[in-house]
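# Observations on chain architecture
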Amino acid sequence: MKHVIALDVGGTGMKAALVGADGTLLHEARRATARERGPEAVVETILGFAADLRALGRERYGEPAAAAGVAVPGIVDATDGIAVYAANLGWRDVPLRALLSERLDGIPVALGHDVRTGGLAEGRIGAGHGADRFLFVPLGTGIAGAIGIGDAIEAGAHGYAGEIGHIVVRPGGTECGCGQRGCLERYASASAVSLAWAQASGAPDADAADCAKAVESGDPAAAHVWQDAVDALADGLVTALTLLDPRTLIIGGGLAEAGETLFTPLRAAVEKRVTFQKLPAIVPAALGDTAGCLGAGLLAWDLLARTTGPADEHPADARPTDPQSTAPHSTASQPTAPQPTDPQSAHSQPAAPEVSA
């Protein structure tokens, strides 16, 4: 059975899969990145994980993987296959594509930015399916974005397109790690809401999920913290839609797990701010934390289609349905996030989406 390797590398955990030609997830696994042992150990962990998946594919499906796709955080040079910089992994200028290809006996390897790769999956098989223009915005530790145009993601001239988290929404405000003050991610990310609610509630361990629950219970202090974040997010999104005119805004990440506690006031806040702009549909992401891994699989199949030619080897409408999964899958029209099925991977959970500074 022809298949590819898909890897999504996060700050603390990696998600991986073997993906069939029709987009079926044949096998899923998770491992820790081992970042506490340094950047060299992280790279070796990635290479070893990929090699193990290749061996498993050969044993189980009668042939090794035909290609591999890997999504990584930070600054990525996808053209040259270099992981340029990732603060949370400690690496600089890692020729990851070449290293992976060498470890995997020379198969073609595609390298992508984690958020743009996740956006690719959301656009093709998730919440943006059928939209000719969309913006995918995950609200996690920081805020990033993926600009979808047709069947592809726009990376920009230098690979930095979509960094909506560094739009200044509060001039002169809170200092950001990027060097500016008042960036969107300092007000509307899950980590920003967690910090604001911990301060307002006097509970140092309180987080954004706790804030959302307090909003639902009618806590006025929580409602104030939440509305501040919603207003900042709406300001950033209106700036983005003024420039990009997307048909759909897809909101994902940890903060989006609050459901309508987030989406109802957010839609109202965006609608209040638009004037001449066309109001896009504002919808939750459909693929959860599997988007990056699914996108990495799409990158691998795209690369294989370009290098081998046959159009039927490209999964045009991949679906995350693992035939070996013990968890039932939704039969709804939108794909749901599959659950990990590898017993070796239970010790690690993936990090929230990272943002390149």
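In the block above lies the structure referred to throughout.
The structure reproduced in this document is the subject of the present report. This one's a predicted model, so the numbers in the text were calculated from it and none came from an experiment. (Residues numbered from 1 in each chain as written. Predicted model: local features only at pLDDT ≥ 70, side-chain atom pairs only at ≥ 80, totals over all residues. Heavy atoms only, no water.)

Okay, the nonpolar core next. If you look at the biggest cluster of nonpolar residues, it comprises 42 residues, and the most contacted ones within it are Trp226, Leu237, Ile251, Leu262, Leu266 and Val270. Mapped by element, the contributors of at least two residues to this core are strand 9 (133–138), helix 5 (190–201), helix 6 (208–216), helix 7 (220–244), strand 12 (248–252) and helix 8 (260–273). With 12 residues, the top contributor of residues to this core is helix 7. Setting aside chain neighbours within four positions, we find isoleucine 251 in contact with Val137, Leu139, Leu237, Ala256, Leu262, Phe263, Leu266, Ile282, Val283, Pro284 and Ala285. Ala16, Leu26, Ala29 and Val94 belong to the second-largest nonpolar core, a separate cluster that totals 32 residues. (Core = buried A, V, L, I, M, F, W, Y, C linked by side-chain atoms within 4.5 Å. Buried < 20%, exposed > 50% of the residue type's maximum accessible area, 1.4 Å probe, protein only. Helix = DSSP H or I, 4+ residues; strand = E, 2+ residues; numbered from the N terminus. Contact = heavy atoms within 4.5 Å.)

Turning our eyes to something else, we now look at the sheet that holds strand 2 (residues 13–20). Ordered in space as 3-2-1-4-8, the 5 strands form an open sheet in which the pairing is mixed. Here the strands that pair on one side only, and so sit at the sheet edges, are strand 3 (25–32) and strand 8 (109–113). Taking each pair of neighbouring strands and ignoring which way they run, the sheet shows an average axis angle of 15 degrees. In this sheet, strand 8 lies alongside strand 4 (residues 68–72) in parallel orientation, the contact comprising 5 bridges. Following the sheet pairing, valine 72 is matched in strand 8 by histidine 113. This element, helix 3 (residues 114–125), spans strand 1 (3–9), strand 4 and strand 8 of the sheet and lies at about 100 degrees to strand 8. Helix 9 (residues 291–308) rests against strand 1, strand 2, strand 3, strand 4 and strand 8 of the sheet, and its axis sits at about 135 degrees to strand 1. (Pairing = 2+ DSSP bridges. Axes fitted to C-alpha atoms, helices over the stretch in contact; angles between N-to-C directions.)

The subject of this paragraph is helix 5. Here helix 5 is 12 residues long and its end C-alpha atoms lie 16 Å apart, about the 16 Å a rise of 1.5 Å per residue gives. Contact partners of the buried residues in helix 5: helix 4 (185–188), helix 6 and helix 7. The positive-phi residue at the C-terminal boundary of helix 5 is glycine 202, with phi of around 75 degrees. (Expected span 1.5 Å × (residues − 1).)

Before going further, it helps to spend a moment on the sheet that holds strand 9. Read from one edge of the open sheet, 5 strands run 11-10-9-12-13, paired in mixed fashion. Only two strands of the sheet have a single partner each, and these edge strands are strand 11 (152–154) and strand 13 (281–284). Here the average twist between neighbouring strands, direction ignored, is 30 degrees. Relative to the sheet, helix 3 contacts strand 9, strand 10 (146–149), strand 11 and strand 12, its axis offset from that of strand 9 by approximately 130 degrees.

A covalent bond bridging the sulfur atoms of two cysteines is what the word disulfide describes. As enumerated under the stated definition, the model contains 0 disulfides in all. Distance from the sulfur of cysteine 178, which forms no disulfide, to the nearest cysteine sulfur (cysteine 183) is 3.6 Å. (Disulfide = S-S within 2.5 Å.)

Our next topic: the pairing of strand 13. For strand 12 and strand 13, the ladder comprises 4 bridges, and the chain directions are parallel. Bridge assignment links leucine 249 to a residue of strand 13, and that residue is isoleucine 282. Crossover handedness for the path strand 12 to helix 8 to strand 13: right-handed. (Right-handed = clockwise from strand over helix to strand, strands pointing away.)

Attention now moves to the environment of leucine 25. Position of leucine 25 among the secondary structure elements: in strand 3. Each C-alpha atom of the pair leucine 25 and glycine 297 lies 9.3 Å from the other, and the pair is 272 residues apart in sequence.

Moving on to helix 9. Because each turn of an α-helix spans 3.6 residues, side chains separated by three or four positions end up pointing in the same direction. Taking 1.5 Å per residue, 18 residues should reach 26 Å; helix 9 reaches 25 Å between its end C-alpha atoms and fits that length. Of all 18 residues that make up helix 9, 15 are buried, and the element is covered over most of its length.

What follows deals with the side chain of threonine 117. Within the element layout of this structure, threonine 117 appears in helix 3. On the accessibility criterion, threonine 117 (3% relative accessible area) is buried. If near-sequence neighbours (up to four positions away) are discounted, threonine 117 is found in contact with Ala71, Gly112, Ala291, Gly292, Gly295, Ala296 and Leu299.

Before going further, it helps to examine unusual backbone geometry. Trans is the common state for peptide bonds, and a negative phi is the common state for residues other than glycine. Within the chain, aspartate 93 stands out as a residue other than glycine whose phi angle is a positive 50 degrees. By the secondary structure assignment, aspartate 93 is in strand 7 (residues 91–94). Notably, aspartate 245 is not glycine yet its phi reads approximately 50 degrees, a positive angle. What makes aspartate 245 partly exposed here is its relative accessible area of 48%.

Quick look at the packing of helix 7 against helix 8 now. Look at helix 7 against helix 8: their axes get within 9 Å of each other, and the N-to-C directions meet at 50 degrees. Viewed along their axes, helix 7 and helix 8 adopt a mutual orientation that is oblique. When the axes of helix 7 and helix 8 are compared, the crossing they make is right-handed. Taking contact as the criterion, the partners of Trp226, Gln227, Val230, Asp231, Leu233, Ala234, Asp235, Leu237, Val238 and Leu241 in helix 7 are, on helix 8, Thr261, Leu262, Pro265, Leu266, Ala269, Val270 and Arg273. The residue inventory of the contact of helix 7 with helix 8, partitioned by class, reads 12 nonpolar, 2 polar and 3 charged. (Parallel < 35°, antiparallel > 145°, perpendicular 65-115°, else oblique. Left-handed = near helix turned anticlockwise from the far one by under 90°. Nonpolar A, V, L, I, M, F, W, Y, C, P; charged D, E, K, R; others polar.)

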